[in-house]
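In case you want the letters, here they are:
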Amino acid sequence: MQPRKYEGIIKKYREFLPEIDDEFIISINEGNTPLIKSRNVYKIINPDIEIYFKYEGLNPTGSFKDRGMTMAVSKAVADGSKAIICASTGNTSAAAAAYAARAGIKSFVLIPEGKIAMGKLSQALMHGSVVMQIQGNFDDALIIAKEISEEFEVTLVNSVNPYRIEGQKTASFEIADELGKAPDYHILPVGNAGNITAYWNGYKEYKQAGKIQNLPKMLGFQAAGAAPIVLNHIVKEPHTIATAIRIGNPASWQKAVKAKEESGGLIEAVTDEDLLSAYALLARTEGIFCEPASAITLAGLIQLNKRGFFKKGDVCVLTLTGHGLKDPQNAIKVSSEPIVVPCDKKSVLKTMELI
Ligand code: AN7
């Protein structure tokens, strides 16, 4: 029987998730995010295809990480853990901090110094995490977090924790439930590569359960300066404006390659310039504000479309992984400055070009 009220992804998709007793579930009603059909931008790109945005920025902490975190923290609580740790480019730390706060346990987060969007930093601090800015990058921080979790009683909640992937796959279920099928293409940003792995697992499990008959091709995109999977080697000093995906040695590397190969998809790189223009284009044509890393999906779709990749009637779902308000500084950078106007009606009308 369906629960009467919506109470998060674990209760909604219990039959597909690891077992957990109600008393241990730590949820902030994550999931159930909107699948928004493109009204304008598809016409500019290719009027013959359908584009949908899975707006994961509307999760409780503003990113898709909440789906994995509800599962990982609930399991940690069920196992009696009193503390969690993660390395993060920002969104994982925000989710870990929030779910730990709700669970009443401690959280420790390691973030790369100076390379995290302000919104995310404020979340980790606000929820009472012990926030450590490491003088290194995400990959360095993940090694330290992993070692500490192996040596001390602190649960690692990065996506190497299998429960994270389990929770995140529920986004595929929601999309399939809504469309009544899998899309032809599913487009995602790739950083640590957990999410593309999770989505592919989700679609496969749904097909096996007879909920859908088809599977999508998985299309993943990395920032050109942080594209280890595309280059097929570790990137020692990854760089991109999209700090969320500034990762040079993804934990789920092989699983992402498997998702690409099994589905007949691809993983490509996109320049910062192209991802920033897609970021602004989306906000200005659809009214949807996502963070730079999320906009790589639209930039990737545009890149493929220019090569004549899509055919008439193709259905593409793009996961917009995080909310635009996470990173106001980049939003302001790609926009025009506010106009300073003297405090009188005439000046305002002049600026409006009405007189
Ligand atoms: C907005 O928060 O790795 O390929 O530590 O924040 O599953 O890693 C974030 C990743 C895409 C990439 N979009 O997903 C972290 C972290 C946004 C993100 C990704 C991230 P994965």
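Residues numbered from 1 in each chain as written. Predicted model: local features only at pLDDT ≥ 70, side-chain atom pairs only at ≥ 80, totals over all residues. Heavy atoms only, no water.

**Details of the overall build of the protein**
Secondary structure summary: the protein contains 15 helices and 10 strands in total. In terms of overall dimensions, the protein is globule-like: its C-alpha atoms have a radius of gyration of 20 Å, near the 20 Å expected for 355 residues. In terms of principal-axis extent, the alpha carbons of the protein reach across some 70 × 50 × 50 Å. By the burial criterion, 56% of the 355 residues in the protein qualify as buried. At a minimum sequence separation of 6, the contacts of the protein that also span at least 24 residues come to 71%. Surface accessibility of the protein: about 16,000 Å² in total, with carbon and sulfur atoms responsible for 51%. Across the protein, the centroid of the 40 positively charged side chains sits 5 Å from that of the 39 negatively charged ones. (Helix = DSSP H or I, 4+ residues; strand = E, 2+ residues; numbered from the N terminus. Rg over C-alpha atoms; globule rule 2.2 N^0.38 Å. Buried < 20%, exposed > 50% of the residue type's maximum accessible area, 1.4 Å probe, protein only. Contact = heavy atoms within 4.5 Å. Areas by Shrake-Rupley, 256 points an atom, 1.4 Å probe, with all protein chains shown as cover. Lys, Arg positive; Asp, Glu negative; His and termini not counted. Charge placed at Lys NZ, Arg CZ, Asp CG, Glu CD.)

**Digging into the packing of aromatic side chains**
Within this structure, the stated rule accounts for seven aromatic pairs. Aromatic pair Tyr185 and Phe310: ring centres 5.3 Å apart, planes at 85°, arrangement edge-to-face. One end of the pair, Tyr185, is in strand S7 (residues 185–189); the other, Phe310, is in the loop between helix H13 (292–306) and strand S10 (315–320), and 125 residues separate them in sequence. Side by side, Tyr185 and Phe310 carry an identical accessibility label, which is buried. One aromatic cluster is present, formed by Tyr13, Phe16, Phe173 and Tyr206 through successive ring pairs. (Phe/Tyr/Trp six-rings, centres within 6.5 Å; stacked < 30°, edge-to-face > 60°.)

**Regarding the sheet that holds strand S1 (residues 35–37)**
Here we have six strands laid out as an open sheet, ordered S1-S2-S10-S7-S8-S9, and mixed in their pairing. Edge positions in the open sheet fall to S1 and strand S9 (266–270), since each of these has one partner strand only. Averaged over all pairs of adjacent strands, the angle between strand axes in this sheet comes to 25°, irrespective of strand direction. One ladder, built from three bridges, connects S7 with S10; its direction is parallel. Residue pairing across strands places His186 opposite Val317, the latter belonging to S10. (Pairing = 2+ DSSP bridges. Axes fitted to C-alpha atoms, helices over the stretch in contact; angles between N-to-C directions.)

**Observations concerning the pairing of S7**
With respect to burial, S7 is a largely interior element, five of its five residues being buried. Here S7 shows two buried faces, one formed by Tyr185, Ile187 and Pro189 and the other by His186 and Leu188. When S7 meets strand S8 (residues 217–223), the two strands line up parallel, connected through five bridges. Residue Tyr185 lies in a different strand from S8, and its bridge partner there is Lys217. Note on the crossover from S7 through helix H9 (residues 194–208) to S8: the handedness is right-handed. (Right-handed = clockwise from strand over helix to strand, strands pointing away.)

**Here we look at the environment of Glu261**
Considering the arrangement of structural elements, one finds Glu261 in helix H11 (residues 253–263). Assessed through its relative accessible area of 55%, Glu261 is described here as exposed. Each C-alpha atom of the pair Glu261 and Val154 lies 35 Å from the other, and the pair is 107 residues apart in sequence.

**Focus: the pairing of strand S3 (residues 83–87)**
In terms of burial, S3 is largely enclosed, as five of its five residues are buried. Going residue by residue along S3, you find Ala83, Ile85 and Ala87 tucked away on one face and Ile84 and Cys86 tucked away on the opposite face as well. Pairing geometry for S3 and strand S4 (residues 106–112), over five bridges, is parallel. Its bridge partner lying in S4, Ile85 is registered against Phe108. Running through helix H4 (residues 91–103), the crossover from S3 to the neighbouring parallel element S4 is right-handed. Pairing of S3 with strand S6 (residues 155–156) involves two bridges; the strand directions are parallel. Bridging from a neighbouring strand, Ile84 pairs with Thr155 of S6.

**Considerations on the sheet that holds strand S5 (residues 130–134)**
As summarised here, the arrangement of the four strands in space is S5-S4-S3-S6, forming an open sheet in which the pairing is parallel. Strands at the two margins of the open sheet, each flanked by one partner only, are S5 and S6.

**What about the nonpolar core?**
Counting 35 residues, the largest nonpolar core has Phe53, Leu219, Phe221, Leu301, Phe310 and Leu318 as its most contacted members. Of all the secondary-structure elements, those providing two or more residues to this core are helix H2 (41–45), strand S2 (50–55), S7, S8, S9, helix H12 (272–286), H13 and S10. A per-element tally of this core places H13 first, with seven residues. Here Leu219 is in contact with Tyr185, His186, Ile187, Leu188, Gly265, Leu266, Leu304, Phe309 and Phe310, once residues within four sequence places are set aside. (Core = buried A, V, L, I, M, F, W, Y, C linked by side-chain atoms within 4.5 Å.)

**Digging into the site of the ligand**
By nearness alone, 22 residues border the ligand, and Asn91, Thr92, Asn192, Ala193 and Thr321 come closest of all. Between an oxygen atom of the ligand and a side-chain N or O atom of Ser88, the distance comes to 2.9 Å. Contact between the ligand and Asn192: an oxygen atom at 2.7 Å from a main-chain N or O atom of the residue. Summarising the interface, the protein chains cover 99% of the accessible area of the ligand, which totals 470 Å² for the free molecule. If you list the elements that add at least two residues to the shell around the ligand, you get H4 and H9. (Near = heavy atom within 4 Å. Polar contact = N/O pair within 3.5 Å; in protein donor to acceptor, adjacent residues only side chain to side chain.)

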